[in-house]
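Coordinate analysis (summary)
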Amino acid sequence: MEKERFYITTPIYYPSDKLHIGHTYCTVATDAIARYHRLKGEEVMFLTGTDEHGQKIEDKAREAGVTPKEFVDAIVEGPRGVKDLWKLMNISNDRFIRTTDDYHVTSIQKIFRKMYDSGDIYKGTYKGKYCKPCESFWTESQLKDGCCPDCGRPVTDAEEEAYFFRLSKYADKIQHLLEDTDFLEPRSRVHEMVNNFIKPGLEDLCVSRTSFTWGIPVDFDPKHVVYVWVDALSNYITALGYGNDRYHDYADWWPGVNIVGKEIVRFHSIIWPAMLMSLGEPLPKKVFGHGWLLLDGGKMSKSKGNVVDPYLLAEHFGVDALRFFLLRTFPFGTDGNFSNEALIQTINVDLANDLGNLLSRTVSMVGKYFGGQLPEGSGASESDRHLAEECVKEHFIAAPVGPEDNAYDMSLIVQAANLRNLYENQMEHYAPHNALAEIFKVIDRANKYIDENAPWTLAKDMEANGPRLAHVMYNLLESLRVCAILLTPFIPTSAAEVLRQIGACEKCSTWDSAAVWGSLPGTVTVQRGENLFPRIDMDKELAALEQAAAEAKKAALPDLEVEPQLEEKVDFDTFCKSDFRAVKVKDCQPVKKSDKLLRFTLDDGTGTDRQILSGIAKWYKPEDLIGKTLMAIVNLPPRKMMGQESQGMLISAVHTEKGEEALNLLILDDKIPAGAKMC
C-alpha cells in the first residue's frame, strides 16, 4: 500500500543578520510536526530556506563593502550561519532553498511571465508608503500612527514605475477561502485578514521594483526586478520543480502546509493563494500563523537588536532542552513571553524532576532489585492487555474500580493506553504544546504510581512481594516506553536515549506499538545511562548566561590585525617568474595523521591532475571546497609533506582576528576557466 505523503514548509528567512530564537521557534515547531508525520509512517517532504533578495540586503552589503551575494553567503553558509544553526538544532529538513539558486531564478521568471501573459500583471506607476525593513508597501489608511503596521517603524514615500498584480480580481474568492474553509488557522487570524485587508478594498499589488537591482530580473523588461513577495512566496513550489528542471516531484508533493509567523500571514493567506489562482495551481492545504516570542513585552527584531541567540542557549543547556522549552511553554497559535528564567524553570520541573527523575528511579530500581533484568512473569497480564484494548476501542477515560493494587495499575494503564489517541488529535490540530501536556499527564501519573506502590517497602520481603514489585517496575518501564515514542518528534536524541535505557527494542519503539500496552518484553533488560537532564542552579546559570552574552557581544566587535607590509622590494622581472593560475578543485581529502593538511586534486588546465597539499584544515572542511575555483602558484619546486608530494601553493589571505590567526582562501568566480593565467 502506498504511503500517505505530507509536505510542510517553514517561511524562508531573510538573512539580513544572524537568525534569532524566534526563527528557531518556528523551525523547531515545523520540524516536530514533520517528525510526527514520519513517526506515523508517512512520506514527508520538509522544506526550509532563505529569502535573499531586496533593497535591505543590497544596502547592508554596500555598507559592509561586499557584494549582496557575498553578504548573504556569509550569513547562510558561513560559520554559525543559518545552515549551521539548523544542523545544531537537529532540524530534519529534506530540502533547503535559497532564492539566489539558479533553478529558482528560472522558475520565478516563468511564473512572472505566465501571470503577465494571462493579463494578471500590468505596468503602472507606484506611489505610496514603503517600509524598507519589512519590504512592504502600504496605503495611507493602513498605517498605524503614521508608521508600518507590522513593525511600527517609519515608512518612506515611494514613487517609481512598476508592474502590478491584479490582486483585487481575486478578493471575493480569497474572502470565501478564508471565511468558509479551514484554510487559515488559528481562526483568530481570519477576522484580522478579512476586516483589515479585504473589506476595506483589496488593492492591486506592486510586484516589481526599479529603484534597486538586487533581485531577479523581469526577463522581458530587465530594468525591473521581481518584488520580494512574488519571489519569496513561490519558493514552496519552485523547490519541488515547478518551472524548472532541478526537481521533478511537484505533482507528488503539492499542495502542502505552510507554517509562518503571524507577521506574514497577510502575504500567505491573501497574496499567495491569489497568485496560485492566477497560475491555475492548487492552493495550500493550510496556512498556520503562529504567534511571536516576546522579549520584555515586545517582538524580537534583528534590526532593533532585542534578540536572543539560540546558539548560546543550545550550547549552554543542550539542544533537546531548548527544543522542548520552545514547544512546551508557548501555545503555538498565540504570543509568548520569553525569559531565561522560564527556560531554566521548564528544564528543572518537566525534564529534570518529572521525566528525568522517573527514568532514573525506574532504571535504578530495576538494577538494584533485579540485577537489571526483570524475571519471567513480570510483563503485562491478559487482563491488563484487555483493559488497554478496551480503553483504546471505547475511549475510556477512567479505570474501573478494583482492589487497591489493581486500581493503581488500571489507572496508569488507562492513561497510557489513551495517550496516543489524545496526542494524535492535538498534533493533527497543530497544537504541539497540548500534545506535550498529554504526555506529561502520563509521566506525572507514573511518578505518583511509584509513591502509591512504594517499591522500597515491597523490596523488604522479596519472597512474598517480588512478583508484585517486578510487575510495578514493568508498568513503569512500559509507561516510559509509550511516552518516549511520542516524545521523539520533540526531543529526538533524548527520547532515543530513554528507549535505550529501558531496553526497548526496535519493534516496540514504533508508532503502532505506542497504542499497544504490553509491547515491552516481560523479561526486559535495562541499561543505566547518564542523567539526561540534571537540575540547574537558577542564580548560577543566569549569571553564567549574562557573562556568556557579554563575551559574545564583545567577540562580535571588529578586532582585526594584518601583518605589516614588507619593506624589502622585489624587482618586476622576479615577480613575473611566478606563474599564478586558476585551478578547479576536483577532490579534497584530509591527510592521514595530520591535523593541518588537506590534499587537493586540481584541474590546472593542462589535462593532467595536479596535487597540492595545504595546511588549512583548521579553517575549511574538505567537502565545502570541492568544485570551487582557487588561485595557485604552479611553478614552485615540488616539496614533500607528510610523505606526499605537493606541486605548488594555494593563495590565501592571513590575518589576526580576536587574537587568533584567521585564513581565507582566495576563491575565484567559477566562470574563470581552469588554467587561466592570473596577472
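For the structure, check the block above.
Let me begin by describing the structure that accompanies this report. Residue positions are counted from 1 within each chain, in the order its sequence is given. A pLDDT threshold of at least 70 governs which residues receive local features in this predicted model, and a stricter bar of 80 or more applies before side-chain atom pairs are shown or counted, although totals over entire chains, interfaces and linings include all residues. Excluding hydrogens and water, the side-chain values take into account all heavy atoms of the structure.

1. Regarding the overall build of the protein chain
Formally: Going along the chain from the N terminus, every DSSP run of H or I of four or more residues is numbered as a helix, and every run of E of two or more is numbered as a strand. Buried, partly exposed and exposed residues are distinguished by accessible area as a fraction of the type maximum, computed with a 1.4 Å probe on protein chains only: under 20%, between the cut-offs, and over 50%, respectively. Contacts are residue-level and defined by heavy atoms, with any inter-residue pair within 4.5 Å sufficient. To measure how exposed things are, a 1.4 Å probe is used in the Shrake-Rupley method; for residues, cover is taken only from the protein chains shown. We score Asp and Glu as negative and Lys and Arg as positive, and we do not count His or the chain ends. For charged residues, the charge sits on one atom: NZ in Lys, CZ in Arg, CG in Asp, CD in Glu.
Along the backbone of the protein chain there are 23 helices and 26 strands. Considering only C-alpha atoms, the protein chain reaches an extent of 100 × 75 × 55 Å along its principal axes. Split into buried and exposed, the 679 residues of the protein chain put 53% on the buried side. For the protein chain, the share of sequence-separated contacts (at least 6 apart) that also reach a separation of at least 24 residues comes to 74%. Surface summary for the protein chain: the accessible area is close to 31400 Å², and the carbon and sulfur share equals 51%. Measuring between centres, the 78 positive side-chain charges of the protein chain sit 2 Å from its 100 negative side-chain charges.

2. Some remarks on the pairing of strand β4 (residues 121–131)
The cut-off we apply is this: Here the rule is simple: two strands pair whenever DSSP picks up at least two bridges between them.
In this structure, β4 lies alongside strand β6 (residues 156–165), joined through ten bridges in antiparallel fashion. Residue pairing across strands places Y130 opposite T156, the latter belonging to β6. Bridge analysis of β4 against strand β5 (residues 136–138) gives three bridges, and the strand direction is antiparallel. Among the inter-strand pairings, C131 is bridged to a residue of β5, identified as S136.

3. Details of the packing of aromatic side chains
Heads up, the condition is: Within 6.5 Å between ring centres, the rings of Phe, Tyr and Trp (the latter by its six-membered ring) count as paired, and their orientation is classed by plane angle as stacked under 30 degrees, edge-to-face over 60, tilted in between. Working rule: Lys NZ or Arg CZ, within 6 Å of ring centre, within 35 degrees of ring normal, means a charge sits over the ring.
Counted under the stated rule, the structure contains 25 aromatic pairs. Site record: aromatic cluster; members linked through ring pairs are Y25, F288, F325, F330, F332, F338 and Y430. It is R80 that lies over the ring of Y311; its NZ or CZ is 4.2 Å from the centre. Geometry around W292 places K262 over its ring, the cationic atom sitting 4.4 Å from the centre.

4. Some points on helix α13 (residues 319–329)
Within α13, nine of the eleven residues are buried, which leaves the element mostly enclosed by the surrounding structure. Burial in α13 covers these residues: V319, D320, A321, L322, R323, F324, F325, L326 and L327.

5. Points about the pairing of strand β3 (residues 95–98)
Two faces belong to every sheet, and in a regular strand the side chains alternate between them. The alternating pattern of β3 places R95 and I97 on one face and F96 and R98 on the opposite face, and all of these are buried. Of the strand pairs in this sheet, strand β2 (residues 43–50) and β3 are connected by four bridges, and their pairing is parallel. Residue pairing across strands places G49 opposite I97, the latter belonging to β3.

6. Describing the sheet that holds β3
Selection criterion: Note on geometry: axes are C-alpha line fits, over the in-contact stretch for helices, and angles between N-to-C directions span 0 to 180 degrees.
Here we have six strands laid out as an open sheet, ordered β3-β2-β1-β11-β12-β7, and parallel in their pairing. Here the strands that pair on one side only, and so sit at the sheet edges, are β3 and β7 (184–185). Docked against the sheet, helix α3 (residues 68–77) engages β2 and β3, running at close to 160° with respect to β3.

7. Some points on the packing of α13 against helix α17 (residues 432–453)
Two quantities define a packed helix pair, namely the angle between the helix axes and the distance between the axes. Defined as follows: Here the angle decides the label: under 35 degrees means roughly parallel, over 145 means roughly antiparallel, 65 to 115 means roughly perpendicular, and every other value means oblique. The classification used treats Ala, Val, Leu, Ile, Met, Phe, Trp, Tyr, Cys and Pro as nonpolar, Asp, Glu, Lys and Arg as charged, and all other residues, Gly among them, as polar.
Here α13 crosses α17 at 105°, and the two axes come no closer than 7 Å. With respect to each other, α13 and α17 are oriented roughly perpendicular. In this structure, α13 contributes F324, L327 and R328 to the contact, and α17 contributes P432, H433, L436, A437 and F440. In terms of residue class, the contact of α13 with α17 is built from six nonpolar, one polar and one charged.

8. What to know about the environment of P489
Inspection of the secondary structure assignment puts P489 in the loop between α19 (462–487) and α20 (492–501). For the pair P489 and K87, spaced 402 residues apart in sequence, the C-alpha to C-alpha distance is 16 Å. In this structure, P489 is in contact with D31, A32, R35, Y36, L39, R323 and Y423, ignoring residues within four places of it in sequence.

9. Looking at the side chain of D51
Position of D51 relative to the elements: it lies in the loop between β2 and α2 (55–64). Among all residues touching D51, those that are not within four sequence positions of it are I12, Y13, Y14, P15, T99, V228 and A232.

10. Digging into the side chain of S234
One can find S234 in the loop between α8 (228–233) and α9 (235–238). In contact with S234, other than residues within four places in its own chain, are H104, I108, I111, W272 and M275.

11. Describing the pattern of salt bridges
Filter applied, for reference: Here a salt bridge means any side-chain nitrogen of Lys or Arg lying within 4 Å of a carboxyl oxygen belonging to Asp or Glu.
Counted under the stated rule, the structure contains 37 salt bridges. Notably, a salt bridge pairs K223 with E161, separated by 3.2 Å at the nearest N-O pair. Placement of K223 in the loop between β9 (208–209) and β10 (225–226) and of E161 in strand β6 is noted, with a sequence separation of 62 residues between them. For K223, a relative accessible area of 52% translates into the label exposed. In this structure, the salt-bridge partner of D182 is K286, at a minimum N-O distance of 3.8 Å. Note that D182 is positioned in the loop between α6 (171–180) and β7 and K286 in strand β12 (residues 286–290), a separation of 104 residues in sequence. Members of the salt-bridge network, linked through shared partners, are E52, K69, D73, E77, K83 and R98.

12. Here we look at unusual backbone geometry
A cis amide bond links E185 with the next residue in sequence, P186, at an omega value of -10°. Along the chain, P186 turns up in the loop between β7 and α7 (188–198). Here the bond from W254 into P255 is cis, since omega is 10°, no more than 30 degrees from zero. Tracing the chain through its elements places P255 in the loop between α10 (250–253) and β11 (257–261). For N90, which is not a glycine, the phi torsion comes out positive at approximately 60°.

13. Some points on the packing of α6 against helix α11 (residues 265–279)
So the rule is basically this: Definitions for this section: a left-handed crossing has its near helix turned counterclockwise from the far helix by less than a right angle. A right-handed crossing has that turn clockwise.
Relative to each other, α6 and α11 sit at 120°, their axes nearing to 10 Å. With respect to their mutual orientation, α6 and α11 come out oblique. As for how α6 packs across α11, the hand of that crossing is right-handed. Residues K173, I174, L177 and L178 of α6 touch α11, and the partners they reach there are S269, I270, P273, A274 and M277.

14. Here we look at the sheet that holds β4
The strand order across the open sheet formed by four strands is β5-β4-β6-β8, and the pairing between neighbours is antiparallel. Two strands close off the open sheet at either side, each with one partner strand: β5 and β8 (205–206). Against the sheet, α11 makes contact with β5, β6 and β8, and its axis sits at roughly 95° relative to β5, the strand it touches most.

15. Topic: α11
To keep it simple, the criterion reads: Any helix carries an expected span of 1.5 Å times its number of residues minus one. In this scheme, the bend at a residue equals the angle between the axes fitted to the seven residues that finish there and the seven that begin there.
Along its 15 residues, α11 runs 20 Å from first to last C-alpha, staying within 8% of the 21 Å computed at 1.5 Å per residue. Of all the bends in α11, the largest measures some 30° and sits at I271, one to four residues before the proline P273. Directly after α11, the chain includes G280, whose backbone phi takes a positive value near 75°.

16. Considerations on the environment of G54
Within the fold, G54 resides in the loop between β2 and α2. Sequence-wise, G54 and K618 are 564 residues apart; in three dimensions their C-alpha atoms are separated by 34 Å.

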